[in-house]
Amino acid sequence: MKTQSISVPKAPKEPFVRIVPLGGCGEIGRNMTVIETNDDLVVVDCGLMFPDEEMFGVDIVINDFSYVRERVHKLRAVLVTHGHEDHIGGIPYFLREFPNTPIVGTAITGALIKAKSREHKLGEMPLVAVAPGDRVRYGEIEAEFVHINHSVAGACSLAIRTPSGTIFHTGDFKFDQTPIDGRPADFAALARIGEEGVLCMLADSTNAERPGHTQSERVVGEAFTTIFSKATGRILIVSFASNVPRIQQAIDHAEKFGRKIAFLGRSMNNVLHFAREHGHLRIPPDILVKIEEVGALRADQVVVMTTGSQGEPMSGLSRMSVRDHPKFAIDPGDTIVISATPIPGNEKSVYRTINNLYRLGATVIHGNEGRAHVSGHASQEELLLMLNLIRPEYFIPVHGEYRMLVTHGRLATKTGVHPESVFVIENGDIVEFTADYGDKIGKTYGGMVLVDGTGLGEMGEAVLRDRKMLSHDGIVTAVVAIDAEEVQTIGVPDIVTRGAFYEPESEELIEHLRSHLSAMLATLSSDALRDTNSVREHVRATLAKEIFSRTRRRPVIVPIVIEA
Ligand SMILES: [Zn+2]
Ligand SMILES: [Zn+2]
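Residues numbered from 1 in each chain as written. Chains lettered and ligands numbered in written order. Predicted model: local features only at pLDDT ≥ 70, side-chain atom pairs only at ≥ 80, totals over all residues. Heavy atoms only, no water.

Participant: Explain the overall build of the protein chain to me, please; I cannot follow it from the model alone.
Facilitator: Tallying secondary structure elements over the protein chain gives 16 helices and 28 strands in all. Scored against the burial criterion, the 564 residues of the protein chain give a buried share of 56%. The long-range fraction of contacts in the protein chain, counting pairs at least 24 apart against all pairs at least 6 apart in sequence, stands at 73%. Of the roughly 24,400 Å² that the protein chain leaves accessible, carbon and sulfur atoms contribute 51%. The centroid of the 59 positive side-chain charges in the protein chain is displaced by 4 Å from the centroid of its 73 negative side-chain charges. (Helix = DSSP H or I, 4+ residues; strand = E, 2+ residues; numbered from the N terminus. Buried < 20%, exposed > 50% of the residue type's maximum accessible area, 1.4 Å probe, protein only. Contact = heavy atoms within 4.5 Å. Areas by Shrake-Rupley, 256 points an atom, 1.4 Å probe, with all protein chains shown as cover. Lys, Arg positive; Asp, Glu negative; His and termini not counted. Charge placed at Lys NZ, Arg CZ, Asp CG, Glu CD.)

Participant: What is the right way to look at the domain arrangement of the protein chain in this model?
Facilitator: A common way to report how large an interface is uses the accessible area buried once the components associate. Looking at the assigned domains, one finds that the protein chain contains domain 1 (17-212 + 375-453), domain 2 (217-371) and domain 3 (461-563). Each of domain 1 and domain 2 has a C-alpha centre, and these two points are 30 Å apart. Taken together, the contacts link 19 residues of domain 1 with 19 residues of domain 2. Roughly 1,800 Å² is buried in total at the junction of domain 1 and domain 2, and carbon and sulfur atoms are behind 59% of that figure. Counting across the domain 1 and domain 2 interface gives 0 salt bridges. Summed over the shared surface of domain 1 and domain 2, the result is 3 residue pairs in polar contact (both at pLDDT 80 or more). (Domains from an automatic or database assignment. Buried area = accessible area lost by both parts, 1.4 Å probe. Salt bridge = Lys/Arg side-chain N within 4 Å of Asp/Glu carboxyl O. Polar contact = N/O pair within 3.5 Å; in protein donor to acceptor, adjacent residues only side chain to side chain.)

Participant: Can you walk me through the sheet that holds strand 12 (residues 165-169) in this structure?
Facilitator: Pairing between the strands of a sheet is mediated by backbone hydrogen bonds and can be parallel or antiparallel. In spatial order, the strands read 9-10-11-12-13-19; together these 6 strands make up an open sheet with mixed pairing. Strands with a single pairing partner mark the edges of an open sheet, and in this sheet they are strand 9 (135-138) and strand 19 (394-398). Here the average twist between neighbouring strands, direction ignored, is 15°. Here 3 bridges tie strand 12 to strand 13 (residues 200-204), and the two strands are oriented parallel to one another. Directly across from isoleucine 167, in strand 13, lies its bridge partner cysteine 200. (Pairing = 2+ DSSP bridges. Axes fitted to C-alpha atoms, helices over the stretch in contact; angles between N-to-C directions.)

Participant: I tried to follow the packing of helix 5 (residues 187-196) against helix 11 (residues 380-390) on my own but got confused; where do I start?
Facilitator: The angle between the axes and the distance between the axes are what describe a pair of packed helices. Two elements in contact, helix 5 and helix 11, have axes separated by 7 Å at closest approach and are oriented at 50°. In this view, helix 5 runs oblique relative to helix 11, as classed from their interaxial angle. Across the interface between the two elements, Phe187, Leu190, Ala191, Ile193 and Gly194 of helix 5 pack against Leu385, Met386, Leu389 and Ile390 of helix 11. (Parallel < 35°, antiparallel > 145°, perpendicular 65-115°, else oblique.)

Participant: What exactly am I supposed to notice about empty space enclosed by the protein here?
Facilitator: Rolling a probe over the atoms, with the probe sized like a water molecule, indicates the empty space that remains. All chains considered together, the criterion is met by 1 cavity of 30 Å³ or more. In this structure, the largest cavity encloses a volume near 70 Å³. Looking at the largest cavity, the residues that line it are Gly23, Gly24, Asn31, Met32, Thr33, Val44, Asp45, His87, His169, Val398 and His399. Of the residues in the lining of the largest cavity, the class split is 3 nonpolar, 7 polar and 1 charged. (1 Å grid on protein atoms, 1.4 Å probe; cavity = no way out; pocket = protein on both sides within 12 Å on 5 of 7 lines; lining within 4 Å. Points joined across faces, edges and corners; volume = space filled by probe spheres on them. Nonpolar A, V, L, I, M, F, W, Y, C, P; charged D, E, K, R; others polar.)

Participant: Can you help me understand the coordination of the zinc ion (ligand 2) in this one?
Facilitator: Note on metal geometry: ideal angles are 109.5 degrees for four donors arranged tetrahedrally and 90 or 180 degrees for six donors arranged octahedrally. The zinc ion (ligand 2) binds to the protein through Asp86 (OD), His87 (NE2), Asp172 (OD) and His399 (NE2), with metal-donor distances spanning 2.1 to 2.2 Å. The coordination sphere of the zinc ion (ligand 2) comprises 4 donor atoms, whose angles at the metal cover 88 to 166°; the geometry is irregular. Here the donor residues of the zinc ion (ligand 2) are spaced in sequence according to D-H-x84-D-x226-H. In this structure the zinc ion (ligand 1) is found 3.4 Å away from the zinc ion (ligand 2), and aspartate 172 serves as a bridging donor for the pair. In this pair, aspartate 86 sits in helix 2 (residues 85-88) while aspartate 172 sits in the loop between strand 12 and helix 5, placing the two residues 86 residues apart along the sequence. (Donors = N, O, S within 2.8 Å, 3.2 Å for Na, K, Ca; no water. Tetrahedral: all angles 85-135°; square planar, octahedral: opposite > 155°, others 65-115°.)

Participant: Quick question: what am I supposed to make of helix 6 (residues 217-230) here?
Facilitator: Because each turn of an α-helix spans 3.6 residues, side chains separated by three or four positions end up pointing in the same direction. Look at helix 6: 21 Å from first C-alpha to last across 14 residues, which is about the 20 Å you get at 1.5 Å a residue. Within helix 6, the full set of buried residues consists of Glu217, Val219, Val220, Gly221, Ala223, Phe224, Ile227 and Phe228. The elements touched by buried residues of helix 6 are strand 14 (235-238), helix 7 (244-256), strand 16 (302-306), strand 17 (335-338) and strand 18 (363-366). (Expected span 1.5 Å × (residues − 1).)

Participant: Just checking my understanding: could you explain the packing of aromatic side chains for this structure?
Facilitator: Describing an aromatic ring pair means giving the distance of the ring centres and the angle of the ring planes. Evaluated as defined, the whole model comprises 10 aromatic pairs. Summarising the aromatic geometry, the rings of phenylalanine 228 and phenylalanine 257 are spaced 5.5 Å apart at their centres and angled 45° between planes, so their arrangement reads as tilted. You can see phenylalanine 228 sitting in helix 6 and its partner phenylalanine 257 sitting in the loop between helix 7 and strand 15 (260-263), a full 29 residues away along the chain. The exposure class assigned to phenylalanine 257 is partly exposed, which follows from its relative accessible area of 27%. Over the ring of tyrosine 67 we find arginine 71; its NZ or CZ atom is 3.6 Å from the centre of that ring. (Phe/Tyr/Trp six-rings, centres within 6.5 Å; stacked < 30°, edge-to-face > 60°. Lys NZ or Arg CZ within 6 Å of the ring centre and 35° of its normal.)

Participant: Please clarify how the coordination of the zinc ion (ligand 1) should be interpreted in this entry.
Facilitator: Ligation of the zinc ion (ligand 1) by protein atoms is provided by His82 (NE2), His84 (ND1), His150 (NE2) and Asp172 (OD), these donors lying 2.1 to 2.3 Å from the ion. Coordination at the zinc ion (ligand 1) is irregular: its 4 donor atoms span angles of 90 to 163° at the metal. Counting the intervening residues between successive donors of the zinc ion (ligand 1) yields the motif H-x1-H-x65-H-x21-D. Given a relative accessible area of 0%, histidine 82 falls into the buried group.

Participant: Looking at this structure, how should I read the side chain of serine 239?
Facilitator: In this fold, serine 239 is placed in the loop between strand 14 and helix 7. Under the relative-accessibility criterion, serine 239 is labelled buried at 1%. Every residue in contact with serine 239, bar those within four places of it in the chain, is listed here: Arg246, Met268, Met305, Thr306, Thr307, Gly308, Ser309 and Ser339.

Participant: Sorry if this is basic, but what is going on with the packing of helix 11 against helix 12 (residues 402-414) here?
Facilitator: In contact at an axis separation of 10 Å, helix 11 and helix 12 are set at 50° when each is read in the N-to-C sense. The orientation of helix 11 with respect to helix 12, classified from their angle, is oblique. In this structure, helix 11 crosses over helix 12, and the sense of that crossing is right-handed. The segment helix 11 lies against helix 12, with Gln380, Leu383, Leu384 and Leu387 engaging Thr407, His408, Leu411 and Ala412. Here the contact of helix 11 with helix 12 is composed, by residue class, of 5 nonpolar, 3 polar and no charged. (Left-handed = near helix turned anticlockwise from the far one by under 90°.)

Participant: What should I look at first to understand the side chain of glutamine 380 in this one?
Facilitator: Position of glutamine 380 among the secondary structure elements: in helix 11. Look at glutamine 380 and you get buried, because its relative accessible area is 19%. With residues up to four places along the chain from it excluded, the contact list for glutamine 380 reads Asn207, Ala208, Glu209, Arg210, Pro211, Gly212, Thr407 and Leu411.

This is the structure:
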C-alpha cells in the first residue's frame, strides 16, 4: 500500500503492445494483466486476494481498475485462464463497473465464475465458453487457448497474438505426465507456438524456488490408497471444490475400497454437478449418497468430501471442528484428510481448525504430510521446459512474491533469454513493445482496493486505519451539548471509552480530559460554537493531543456534538 509515482506515457503512433500487471506481481493473489494495443485492450484474469491478519474486517482485496477505466473505449474482453479465486474473484466487481464485457474461458471456468458471482446478483453474465485449442478474436487481438495441467479442470495457457507480436501467458500450470483425466498439457501446441515465435512470455512463479519437478496428481492417489487401507472408520476428505482431479481421486478410491461417497456443501455439489455435465468426472453408478444417508451406513463404508481447507469460518470443516455442523458430527474414529495447503495469509485459521479437529479425537492428515496433497504449480524443471518450448524473446515472471519473480527471471536467463530482456516488474509497471524496443516505460495504479462485508461498498484505507487503531488503542467518545439559543456549552462534556486506558489510571484521566475539554470549549467564539463541524474538530484535536501526551496512545476519537 505504498504510494507510488504514477507516470503513464502517451501511447506511441506506431504499432505497439503494452503489458500491464495490475495485480499478482510481488504477491500471490489478485492476478490481473492488461494487454493493450493501438486500438484494443484485453484483460487476462481478474482475481482477488485474501487479506492478511492486519487488515481488520476487510473481506477481500481486489485490483485498482483505473488503467482500464481510462481506456474503456478499447476494452474488448476478459480472458480467463482458469477458475481459481485469485484469477476470477474480481470479475463480479469488474462487471459491475464494465457491464457486458465478454468473459472468455472454458466451460468449467465459466461455471466456476457463475457460482462465485451468484451472491452479486448480476443477472445474465456475458460468459463466452471456449474449448482448449479454440481461438477468439477481439479487434486486432487474437487469443488461442492451450490446454495445460493445474489443480483445477479446464485450465489453459493463452497465446495472445497482436500486430506487434505474440504474448504467451502460461496461467497457473504444471506439467503432469500422468494426470488423472489422462490429458497431459498440449505439448504439440506449445511447441508450435514457440516455433511461430513469441515476443514475450509471462509465467507462473509460485514454485520458482522449488528444484525438480512437481509431483503428479497420481501421487495423491497412492497416498489415498494408503490412507484408505488403514482407516477403519469414516474418511473425510477436504479440498477446494474446484479441484476436480482431487474429487475424481476420492470417488475412485471410494469405489476401490467399497465405500459410498457423499459431498457436503453447496460449492462442492455445484462443482460436482457441472464437472459431471461437462465430462470432467467419471462417477460409477450407486456410489453417491446424500449426506443424510451417511448415518445409516457402517463407518467403514463412508467417505465424505467437503470444503474448508483454508479454515474459512463458515465452511463445513470449521463448523465441524467446533461441533457446530447440522449434518455431520466428527467422531474419534474418523480420519480427516486435508488435501490442500494453506494459502499465505490463511495459516492461522487453518491451524486453528486443525487443532480443534485434534481436540475431537479424530486422526488428521494435512498438508504435504503423507503426500495427501501435491502442488498445482510447476517447479524449476517444468518452468525451464516451458521456457524451452516457448523460447520467448522477452520474459516477465508473474504470479509470485518478489523473490520468486527474481528466481524465475534467473531461470529464464539459463535458457538463453538475455538478462536485459527479463523484466522483473511489480503491479502497475507498464512494459511496452514496438518494432524498435521493448522496455519498462512507466507506472500506473497497481494498488489494492479493499472490499468490506457485503462488498457493495469499497472501503478506503482510512477505514482500515481506524480499525487498526481501534484494535490497538481503543476508542474514546466525547459528547458535547450546546445550547443553540444561548450559544454556549451545557454542563461538562461526557467521555466514554472502550479499551483505551488501563483501569487504574482511567478514572482520573477521564476527569482530567473532561475539564480540559470544558476549558477549551470556553475559549471558542460563539461563531465557532455555532458550527458543529468546527466544534467536533476542536474536540477531536484537543483530546488526541492530550491523550497522546499523557498515555502515548492514539485511540479512535469520536466527538459527538448535540444541539439542544
Ligand atoms: Zn490456480
Ligand atoms: Zn493462481
